[in-house]
Amino acid sequence: MICSKCGAEIRDDAKICVKCGTPVGGGEAPDKQHSHYEQAKEEKFGDLQKQAPKTKAKDVVLLGVLVVLVLVGVAILVWRFTREEEKPPPPPPKPEVERPKPTIDQGKLAEFMTAKKPEAVACYAEALKKDATLAGTVEIKLKVNIDGKVHEPELARNLEQAPDVGTCVLEKLKTWEFPKAQNGMVPLLQSFTFTPEDVKPDEPEKKGKKGKKGKKKGKKKKKKKK
């Protein structure tokens, strides 16, 4: 086959002339085809450029709105779950009323123990008959209520040589009625110190009085004789 333009010999299956580039069979030249392709490409690209800014602007606006809504929702949730409900201030604590301490009149107690000591000495006197040198202290713990009654008496100290003395004093003390305590139960620790001087010896009978009585009787007899 011969090119119609340049007269060059070309193959039968060729679509363009290898020498001049003329299409075989009366088609458009490659330059024109290329120019049409480039034109179409530029037109489409121009359309895309015109549409792209609008599309991107809308997407950006929508995205921004969504971000704002999400942030607002998160802020509301955080505020709801983290806020502390305002509570009224607690009422001021009530002033503690100081209760008066349980007491007992020490003056009356001393007088009472002095009056009751002979009963305790009687317990000691029995033991002193067996041991003339016996001496020591007995201590008793107890509580006295508002009626003067004795509660929970117990020996805190006793005579080692004669423990019966402390037991005897304890039994007597259980029956005593102490001065009344005030404002509740009062704990006490009562001591009883014993020495041989506490026990008085038996006094001998006075002979002088009997002698006087004898004289008086004698005078009366004399008067009768007269």
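For the structure, see preceding data.
Q: How should I be thinking about the state of the cysteines in this particular structure?
A: Covalently bonding the sulfur atom of one cysteine to the sulfur atom of another cysteine gives a disulfide. A complete count under the given rule lists one disulfide for this structure. C123 shares a disulfide with C168; S-S distance 2.0 Å. Between C123 and C168 the disulfide shows an S-S torsion of about -60 degrees. By sign, it is left-handed. With C123 in helix α2 (residues 106-128) and C168 in helix α3 (residues 163-173), this residue pair connects regions lying 45 residues apart in the sequence. Relative accessible area serves as the criterion here: at 5%, C123 is assigned to the buried category.

Q: Please explain the sheet that holds strand β3 (residues 186-194) as it appears in this structure.
A: For sheets, the rule is that strands pair by backbone hydrogen bonds, running either parallel or antiparallel. Read from one edge to the other, the open sheet built from three strands follows the order β2-β1-β3, with strand pairing classed as antiparallel. Each of the sheet's edge strands pairs with one partner strand only, and the pair in question is β2 (150-157) and β3. Neighbour-to-neighbour, the strand axes of this sheet turn through a mean angle of 20 degrees, independent of strand direction. Note: strand β1 (residues 136-144) against β2, five bridges, orientation antiparallel. Bridge pairing in β2 links V144 to V150. Strands β1, β2 and β3 of the sheet are contacted by α3, whose axis makes an angle of about 165 degrees with β2.

Q: I'm lost on the packing of aromatic side chains in this one. Help?
A: Each aromatic ring pair is characterised by the separation of its centres together with the angle its planes make. Applying the stated criterion across every chain, the model contains five aromatic pairs. Between F112 and F178, the aromatic rings sit 4.7 Å apart at their centres with planes inclined by 45 degrees, giving tilted as the arrangement. Of this pair, F112 sits in helix α2 while F178 sits in the loop between α3 and β3; the two residues are 66 residues apart in sequence, bridging distant segments of the chain. When its relative accessible area of 13% is taken as the criterion, F112 is described as buried.

Q: In this structure, what is going on with unusual backbone geometry? I would like to understand it.
A: With the exception of glycine, most residues fall at negative phi, and the peptide bonds are largely trans. With a phi angle near 50 degrees, E152 is a residue other than glycine that sits in the positive phi range. Here E152 lies in strand β2. In the Ramachandran plot, N183 falls in the positive-phi region, its phi being about 65 degrees despite a non-glycine side chain. Position of N183 relative to the elements: it lies in the loop between α3 and β3.

Q: How do you make sense of the pattern of salt bridges when you look at a structure like this?
A: Between side chains of opposite charge, a pair can form when the charged atoms approach closely. Following the criterion strictly, the structure yields six salt bridges and no others. The closest approach of N and O atoms between K116 and E119, which form a salt bridge, is 3.3 Å. Here K116 and its partner E119 are both found in helix α2, three residues apart, which amounts to about one turn of the helix. A relative accessible area of 30% means that E119 is categorised as partly exposed.

Q: How should the nonpolar core be read in this particular structure?
A: Across soluble globular proteins, nonpolar side chains have a tendency to be buried as a group. V165, F178, F192 and F194 are the most contacted members of the largest nonpolar core, which has 29 residues in total. Those residues in contact with F192, other than ones at most four positions away along the chain, are M113, A120, G136, T137, V138, I140, V169, L173 and W176.

Q: How should α2 be read in this particular structure?
A: Think of an α-helix as turning once every 3.6 residues; residues three or four places apart then point the same way. The end-to-end C-alpha distance of α2 is 31 Å, a good match for the 33 Å that 23 residues give at a rise of 1.5 Å each. For α2, the principal kink sits at K116 and spans about 40 degrees; a proline, P118, occurs within the next four residues. Every buried residue of α2 is listed here: L109, F112, M113, A120, V121, C123, Y124, A125, A127 and L128. Buried residues along α2 sit in contact with α3 and β3. By the N-cap criterion, in which a side-chain oxygen at the helix start approaches the backbone nitrogen of a residue two or three places on, α2 is capped by D105, the distance to G107 being 2.9 Å.

Q: It is not clear to me how α3 should be interpreted in this structure. Could you clarify?
A: Turning to α3, its buried residues number three or more, namely V165, G166, V169, L170 and L173. The buried residues of α3 occupy one face: seen down the axis, they fall within an arc of 130 degrees. On its buried face, α3 is in contact with α2, β1, β2 and β3.

Rules and cut-offs
- What you see as residue numbers is a count from 1 along each chain, following the sequence as written.
- pLDDT decides what is reported in this predicted model: residues at 70 or higher carry local features, side-chain atom pairs at 80 or more are listed and counted, and totals for whole chains, interfaces and linings draw on all residues regardless.
- Computation of side-chain values: all heavy atoms of the structure, hydrogens and water removed.
- The definition used for a disulfide is geometric: two cysteine sulfur atoms within 2.5 Å.
- The helix and strand labels rest on DSSP assignments: H or I over at least four residues marks a helix, E over at least two residues marks a strand, and numbering proceeds from the N terminus.
- We call a residue buried when its accessible area falls under 20% of the maximum for its residue type, exposed when it is over 50%, and partly exposed in between, using a 1.4 Å probe and counting protein chains only.
- The pairing criterion is simple: DSSP has to find at least two bridges between the two strands.
- Angular values range over 0 to 180 degrees, each being the angle between N-to-C directions of two axes fitted as lines to C-alpha atoms, with helices fitted over their stretch in contact.
- Two residues form a contact once any of their heavy atoms are found within 4.5 Å.
- Stacked, edge-to-face and tilted are the three classes for Phe, Tyr and Trp ring pairs, Trp counted by its six-membered ring, which pair at centre distances within 6.5 Å; planes under 30 degrees apart are stacked, over 60 edge-to-face, the rest tilted.
- Here, a salt bridge means any Lys or Arg side-chain nitrogen found within 4 Å of an Asp or Glu carboxyl oxygen.
- By nonpolar core we mean a set of buried residues, namely Ala, Val, Leu, Ile, Met, Phe, Trp, Tyr and Cys, connected to one another through side-chain atoms within 4.5 Å.
- The span expected for a helix works out to 1.5 Å for each residue beyond the first.
- Across the chain, bend at a residue is computed as the angle between axes fitted to the seven residues ending at that point and the seven starting from it.
- As used in this structure description, the phrase polar contact means that two N or O atoms lie within 3.5 Å; if the pair is within protein, one of them must be able to donate a hydrogen and the other to accept it, and residues adjacent in sequence are counted only when both atoms belong to side chains.
- By definition, the arc is the one covered by directions from the helix axis to the C-beta atoms.

Remember that the coordinates give geometry; whether it matters functionally is a separate question.
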